[in-house]
Structure formats: structure tokens, C-alpha cells
Amino acid sequence: MIRILKHIFRTGIVTEPLPPITDPEIGKIGVQLEEAIRSRFQRSLAIRQVDAGSCNGCELEIHAINNAFYNCERFGIHFTASPRFADLLLVTGPVSHNMEIALKRTYAATPPPKIVVAVGDCGCNGGVFGESYASLGGVGKVIPVDAVIPGCPPTPTTLLQGILKAIDGKF
Amino acid sequence: MIRLKSLVLNELGKDAREDDSLAPSSVSSLVVPRKRFADAARTLKKDYALLAAEWAADETPFGRGFAVFACFRREQEYLVIKTEVPVGDATFPSLTKKYAAAYRFERQIQSLMGLTPVGNPDDRPWIKHEDWPANAWPLRKTFDAKTTMQRVPGEYRWIRAEGDGIYEIPVGPVHAGIIEPGHFRFQAMGEDVINLEEKLGYVHKGIEKRFESFSWQEAARLAGRVSGDTTVAHSLSYSRAVEALTGTVLPDRAQWLRALFLERERIANHLGDLGAICNDVAFTFLFYQFHRLKEILLRTNHHLFGHRFLMDRIVPGGVVVDIDGEGVLAITNELAWLEREYEPLVTIYDENASLEDRVRDAGVLRPEQARDLCAVGIVARASGLNLDCRVDHPFPPYDRISVNVPVLISGDAHARAWVRVEEIRESIRIIREILRTVPSDGLIVPIGDPLPDRSGFAAVEGWRGEILYWVQSGPNGEINRCMVRDPSSVNWLGLEQCIHGNIVPDFPLCNKSFNQSYSGHDL
């Protein structure tokens with residue numbers, strides 16, 4: 001236990017914009033996000049992430065916004081286990097033929113305001129997988145999309161920016 | 001020891017003939033008549049060869065029919081056995097009774113190429129879902145990739161368990177966490193799992209078909225996105241298959257940088273997995289600590305090479321980024337820092353009794369099961385199989401940098417975590433060696449024009465395990481077929497087997513200790 005506590009103290013708080021690595025973008029986005037989330041969602045934005053056919057690259061970066069550096073929870077953003085209490089669906093694509101029904105059902109299970117953010121080049125337009133018998137293309141082909149976050153995969157910073165854009169435009 | 005090729009030649013006599021269309025020459029290839037296909041497999045099984053992959057190709061553009069291939073591996077040797085299947089009688093003898101691992105390969109061949117494996121006990125489609133038209137075989141040349149798939153009524157026949165107190169838990173495809181989609185169905189009694197059945201294919205994006213519409217160079221982008229977490233190893237394996245096919249000889253510096261990327265990818269993913277394994281037993285301290293280390297590595301990747309996961313840095317013919325003296329220094333310093341940060345965390349992992357209580361003896365895949373299923377990579381090494389392509393099938397610089405392969409025999413979640421712990425240490429050592437010896441010749445050479453009707457093969461040890469690519473050129477030197485075998489294609493079978501006797505709440509832990517790819521499997 002002593003060892004764990006020692007390591008915790010030695011590590012300190014790595015959440016940015018504090019050191020060791022400073023990326024000015026993250027802090028700035030964070031303040032804006034916090035305001036938007038405070039005024040529109042009573043300080044809590046619940047996100048349900050749906051992989052509708054991605055290669056798992058976008059998922060790694062979505063995981064990263066949870067890590068100690070980006071620490072999205074400090075802005076009131078958290079990921080829920082069910083669409084039933086989600087404010088926002090974060091959908092990675094392309095939407096595969098085999099995921100089309102599951103994605104539509106997830107969308108139907110989400111209560112309003114049902115904000116949908118399509119993540120990654122594939123989520124925007126199908127990316128390198130394009131449109132074929134197995135890939136329907138971008139998320140917008142299957143459910144209504146409010147905002148897109150391009151990138152292959154988008155960096156954690158871009159993801160936070162994209163989420164802000166989505167909740168700004170909705171009201 | 002007699003080579004695998006000689007074993008088959010001795011057994012089949014004049015029925016087997018050598019096939020010289022496959023490159024590199026270190027991988028041998030034989031053509032056998034259809035009726036002797038299973039005999040060849042039986043002979044190889046008797047002599048301890050493992051099945052690495054089974055796939056089919058549509059060879060009608062050459063005026064032939066279909067062909068079914070099975071790739072076997074024993075120590076340093078790969079042997080590809082090919083048999084031809086006429087269009088009018090699209091069947092081939094199943095290998096499932098010899099090799100359990102053939103079970104899903106053959107269902108996949110049947111689903112996507114429409115060739116029936118005679119003798120396979122399971123005729124349910126795989127990857128192809130039950131609502132696809134039965135005669136939609138996307139990998140056939142007669143199937144247009146742009147076809148809009150119609151939905152037809154259909155139902156998947158699940159394996160059922162019945163009786164008092166037995167119930168069923170369906171999970172997925174949309175899971176509770178931030179992970180890829182797949183469906184798991186548990187038959188349980190109380191908390192004990194009686195059976196687990198996987199149904200995958202949800203992220204089938206038609207990758208193998210898509211390869212056929214790209215040029216050799218363009219397709220490297222696609223290979224880098226077969227499984228986004230393994231982008232380096234997939235683009236490397238694809239590139240090596242293309243280089244084998246075209247006889248391209250690479251500058252040494254390119255090879256060294258590829259190895260550098262491969263080891264960095266291994267460390268980053270293993271760190272992420274160790275954190276996630278700890279998270280699934282509610283030990284969040286290590287989750288955040290390991291992910292902190294991973295994030296720093298990814299940032300260094302971005303800073304030095306322009307991409308956090310190193311996507312599109314490896315292309316057929318070489319690499320597209322270089323490293324300068326400052327970069328070498330940055331990585332060297334980072335490795336020293338990583339060791340300082342990593343080792344105390346490993347000690348904490350190792351000494352924590354509550355963590356040990358959860359990971360020891362959870363999800364045991366016994367060595368004989370791993371062998372029967374022909375498991376690969378970390379899963380195999382945690383279950384007593386000493387397999388690593390960096391040792392068995394090396395490319396430079398692995399032919400002169402020794403790689404120590406950690407092998408454990410307990411086959412539990414702890415063993416799979418500990419193999420990762422050891423491999424991170426080993427990769428740190430290997431990267432130091434790479435940086436010390438990196439040559440200073442070129443980065444990239446143009447690849448030659450592929451001759452028609454040739455094939456190229458490559459095996460690369462990604463962080464999950466052995467990744468195989470087999471590419472075939474068409475009549476005009478274009479891509480006729482690109483077979484991708486991610487380690488997940490075989491290791492998913494292991495997860496089903498290791499779960500018996502465990503409790504339902506331990507499933508996330510077992511699953512995370514395997515951490516197989518859905519996208520790499522579904523293609």
C-alpha cells in the first residue's frame with residue numbers, strides 16, 4: 001500500500017494544462033466545454049459510444065480522452081454503458097451492413113436530444129472502406145448526424161473539440 | 001528432422017507436385033489433388049505441424065476454377081498446400097476433423113466463397129449473417145462489390161443448454177464499454193458458465209474484396225486499417241508479401257526502422273492491455289498509471305514520425321519517415337524513463353494479493369487446448385507454445401538481434417498478462433539494439449512490376465501474434481486476391497474454450513486478457 005501511495009504522490013497530477021507536457025489546446029477547449037456542459041446539461045454530458053464498423057483506431061483515441069492527461073471527466077463528460085441514459089451518441093464507422101440494425105436500434109433507444117457525432121474519416125464518409133456490399137459508408141447514411149469529427153483517427157484534442165461543436169450547434 | 005514438404009511428398013508420391021509460383025522461396029508450396037487434400041493434412045498433423053490458415057481463391061480469371069489453400073507451420077517452416085476445385089463441383093474435403101482450427105476457416109470459405117467443406121460438422125454461416133441471401137458469395141469474381149445486400153429472413157441456430165435453473169445471457173453487439181462489436185451468448189447456471197458461444201462478423205467491411213479494387217501501393221492504406229491497433233504489423237506484413245511477390249530487396253535502414261515501429265507498437269499496446277486487465281479487476285490505480293505511460297509513447301510517435309499509431313509509415317518498398325540523431329536520442333532517453341516508471345508498477349502488480357486472487361487461475365487455456373486450436377501469439381505463449389515469428393521466420397534485423405521469447409504454461413489471465421510484462425522488457429532491449437545498429441543506407445525503393453499469376457506470403461509477429469498475408473497477382477499483374485489472417489482468426493476459439501468453469505463476472509477479465517481484434521477477424 002505504501003508503495004502505491006508513494007507512486008501516486010510521485011506521479012502527481014498529470015492532467016493538462018498542468019505539466020509535464022503542456023498542450024495549450026486542451027485547456028482552452030476544456031473551459032469552453034465546461035461552460036457548454038454546465039449551461040445545457042446541468043454539468044453532466046453522458047456519452048454512449050457505438051462502434052458501427054470501425055477498425056478500432058478511433059476507439060483507442062476515445063479511450064485516450066479518458067486518460068489522466070485529457071481527463072474528460074473533469075468537464076462533466078462521462079461514458080455510459082447504455083444508450084437509455086445517453087445525451088450523445090459518439091459513432092465510429094463506416095457503418096457495416098451487419099451493424100446497421102444494431103445502430104438503428106441504439107439510436108431508437110436514446111432519449112432526446114439524441115445528439116449524434118460521427119467520428120473518424122470512415123464515420124464521415126466511409127473512408128478507405130468506401131461503400132460496398134458490406135460497408136454502407138458514413139454514419140449519416142443510416143441515422144441523422146449533428147456533427148462530424150474527421151481524422152484517421154482524430155486525436156484526443158480533436159475529439160474534445162468535436163464534442164464541443166456538437167453541443168454548441170444543437171440549441 | 002524431415003521437412004514438412006518431404007513428408008507430404010513421401011506420403012502422396014506422384015499425386016503431389018511442387019508449385020513454384022509462391023515467393024519467398026523459404027516458404028514451400030505443393031499442389032495436391034482434391035481427394036488427397038485431407039490425407040496431406042493427416043500426415044502433417046501426425047508430425048506435429050500446426051494449421052496456420054485455410055483460405056480459398058477464385059482463379060477463374062486464369063481460366064481455372066477455384067483453389068483452396070491450407071498453410072501449415074512447424075518451427076521455422078511454412079508449407080502451403082493447394083488443391084484445385086472445379087466451378088461445377090464447388091466442394092472440398094474438410095480438415096476440421098484433423099485440425100479443430102479449420103472449423104471457422106472453412107465456415108468462412110463456405111460463407112464468402114461458396115465452396116462447401118465436405119465433412120465439416122457445422123454448416124452455419126460465419127461472418128456472413130443469417131439475413132444475407134444464401135447465394136451471396138462476395139469473394140467470387142462474379143460478385144460485384146457494389147452490390148446492395150438485400151436482407152432475407154433467417155435465424156442463427158445457437159447451441160442451447162436446457163434444464164432446471166439454466167438460463168441464457170445474450171451480450172452485444174453493442175457492448176457496455178468502448179469496445180468493438182460482437183455477440184456473446186452464455187448458457188449459465190447460477191454464476192457458472194456452462195458454455196459460451198461467440199458470433200462475430202458485425203464489423204465485416206468487405207476488406208478482402210476491397211483489396212482487389214486497389215493498386216498494390218494504394219492497398220497499403222487499407223492493410224494499415226484492417227485492425228487499427230495493429231496498423232504497423234498489418235501494413236508491414238502486407239508490404240512484405242508484396243515485396244516477396246515482386247522480388248523487391250529493401251535497404252537495411254528501412255528494415256531497421258520497420259522493426260523499431262513494430263516494437264514501439266508492441267510496447268504501447270501491451271501497456272494499454274496491462275492497464276485494462278487491471279481495470280477489469282477494479283484496480284484502477286494501475287489502469288491510469290499504465291495508460292499514462294502509453295500516452296507518452298504515442299506522443300513521441302507523433303512528434304518524431306507524425307502519427308500517434310504510426311499509420312501509413314510503412315509502404316511496399318520501405319518506409320516513408322526517417323529518424324535523425326535527435327530522434328534517436330529522444331527515444332533512448334524515453335526508454336530509460338520508461339524503465340524507471342514501468343518497473344515499480346510491475347512490482348505493485350506482482351505483489352498485490354487481491355489482484356493476484358482475480359487473475360490467477362482465471363480463464364485457463366491448457367497447453368493441449370492451445371495446441372489443438374493452433375493458437376498464436378501471446379495467447380499461445382501463455383499456454384506453453386513457444387512460437388514467435390521474430391525467431392522462427394525472421395526478417396532483418398531480427399536475424400541478428402536475438403529475441404528472448406517468454407513462455408508460461410499456466411494458461412490463465414495472469415500468464416497472458418505476464419507474457420506482456422516480459423515482452424515490454426524485451427522490446428525495450430530490442431529497440432536499444434536497433435538504435436545502436438541502424439544502418440545508414442536508403443529508406444525506400446520502387447517495387448517491381450508483379451508478373452501475372454504469382455503469389456507472395458509473409459508472416460510478421462504483431463503484438464497479438466503472427467499476422468499472415470498471402471497475395472496473388474491476376475492476369476495483368478493486379479491484385480487478384482489478398483488473404484489476411486489476423487491472430488484473432490484463431491485465438492477467438494481459445495476464449496470460448498477457456499471460459500468453461502469460470503463465473504460470468506470473470507468474463508470481462510478473461511476477454512481482456514485475450515484482447516482479440518474484432519475488425520481483424522471480421523475483415
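Heads up: the structure comes first, above all this text.
Residues numbered from 1 in each chain as written. Chains lettered and ligands numbered in written order. Predicted model: local features only at pLDDT ≥ 70, side-chain atom pairs only at ≥ 80, totals over all residues. Heavy atoms only, no water.

Notes on the packing of aromatic side chains
In this description, a pair of aromatic rings is defined by centroid distance and the angle of the planes. Residue and element names in this part refer to chain B. As enumerated under the stated definition, the model contains 21 aromatic pairs over all chains in all. Ring centres 5.6 Å apart and planes at 55° place the aromatic pair Phe-72 and Tyr-99 in the tilted group. One end of the pair, Phe-72, is in strand E5 (residues 66-74); the other, Tyr-99, is in the loop between strand E7 (91-93) and helix H3 (102-113), and 27 residues separate them in sequence. Side by side, Phe-72 and Tyr-99 carry an identical accessibility label, which is buried. With a centroid separation of 4.9 Å and an interplanar angle of 65°, the aromatic rings of Trp-492 and Tyr-518 are classed as edge-to-face. Residue Trp-492 is located in helix H15 (residues 488-498), and its partner Tyr-518 is located in the loop between helix H16 (507-514) and helix H17 (519-522); the two are separated by 26 residues in the primary sequence. As far as burial versus exposure is concerned, Trp-492 and Tyr-518 are alike and both buried. Each member of the aromatic cluster is reached from another via a ring pair, and the members are Phe-184, Phe-186, Trp-492, Phe-507 and Tyr-518. (Phe/Tyr/Trp six-rings, centres within 6.5 Å; stacked < 30°, edge-to-face > 60°. Helix = DSSP H or I, 4+ residues; strand = E, 2+ residues; numbered from the N terminus. Buried < 20%, exposed > 50% of the residue type's maximum accessible area, 1.4 Å probe, protein only.)

Considerations on the interface of chain A and chain B
Between chain A and chain B, the residue contacts involve 54 residues of the former and 60 residues of the latter. Interface area, chain A with chain B, both sides summed: about 4,700 Å², of which 61% is carbon and sulfur. The three residues of chain A that bury the most area against chain B are Asn98(A), Val128(A) and Tyr133(A), which together make up 18% of that side's buried surface. Seen at the junction of chain A and chain B, the total is 4 salt bridges. Linking Glu100(A) and Arg151(B) is a salt bridge whose minimum nitrogen-to-oxygen distance equals 2.7 Å. Counting every contact that joins chain A to chain B gives 27 residue pairs in polar contact (both at pLDDT 80 or more). Where the side of chain A that touches chain B is concerned, the elements lending two or more residues are helix H1 (2-11), strand E1 (45-51), helix H3 (57-64) and helix H4 (100-109) of chain A. With 7 residues, H3(A) is the single largest residue contributor to the side of chain A that touches chain B. When its residues are assigned to classes, the side of chain A that touches chain B shows 26 nonpolar, 19 polar and 9 charged. (Contact = heavy atoms within 4.5 Å. Buried area = accessible area lost by both parts, 1.4 Å probe. Salt bridge = Lys/Arg side-chain N within 4 Å of Asp/Glu carboxyl O. Polar contact = N/O pair within 3.5 Å; in protein donor to acceptor, adjacent residues only side chain to side chain. Nonpolar A, V, L, I, M, F, W, Y, C, P; charged D, E, K, R; others polar.)

Digging into empty space enclosed by the protein
Residue and element names in this part refer to chain B. Counted under the stated rule, the structure contains 8 cavities of 30 Å³ or more. Glu-54, Trp-55, Gln-108, Glu-208 and Arg-481 are, among the 15 residues lining the largest cavity, the residues nearest its centre. Those elements giving two or more residues to the lining of the largest cavity turn out to be strand E4 (50-58), H3 and strand E16 (479-485). A total of 5 residues in the lining of the largest cavity trace back to one element, the largest contributor, which is H3. For the lining of the largest cavity, the residue count by class is 9 nonpolar, 2 polar and 4 charged. Counting contributing residues, the lining of the largest cavity receives three or more from each of domain 1 (3-118) and domain 2 (207-522). (1 Å grid on protein atoms, 1.4 Å probe; cavity = no way out; pocket = protein on both sides within 12 Å on 5 of 7 lines; lining within 4 Å. Points joined across faces, edges and corners; volume = space filled by probe spheres on them. Domains from an automatic or database assignment.)

A short note on the sheet that holds strand E3 (residues 27-31) of chain B
Residues and elements named next belong to chain B. Ordered in space as E1-E3-E6-E5-E4, the 5 strands form an open sheet in which the pairing is mixed. One side of each edge strand has no neighbouring strand; the edge strands of this open sheet are strand E1 (17-18) and E4. The pairing of E4 with E5 spans 8 bridges and is classified as antiparallel. Along E5, the bridge assignment pairs Ala-56 with Val-68. Each of E1, E3, E5 and strand E6 (77-85) is contacted by helix H1 (residues 4-12), which is oriented at about 40° to E6, the strand it contacts most. Packed onto the sheet, H3 meets E4 and E5 and runs at close to 5° relative to E4. (Pairing = 2+ DSSP bridges. Axes fitted to C-alpha atoms, helices over the stretch in contact; angles between N-to-C directions.)

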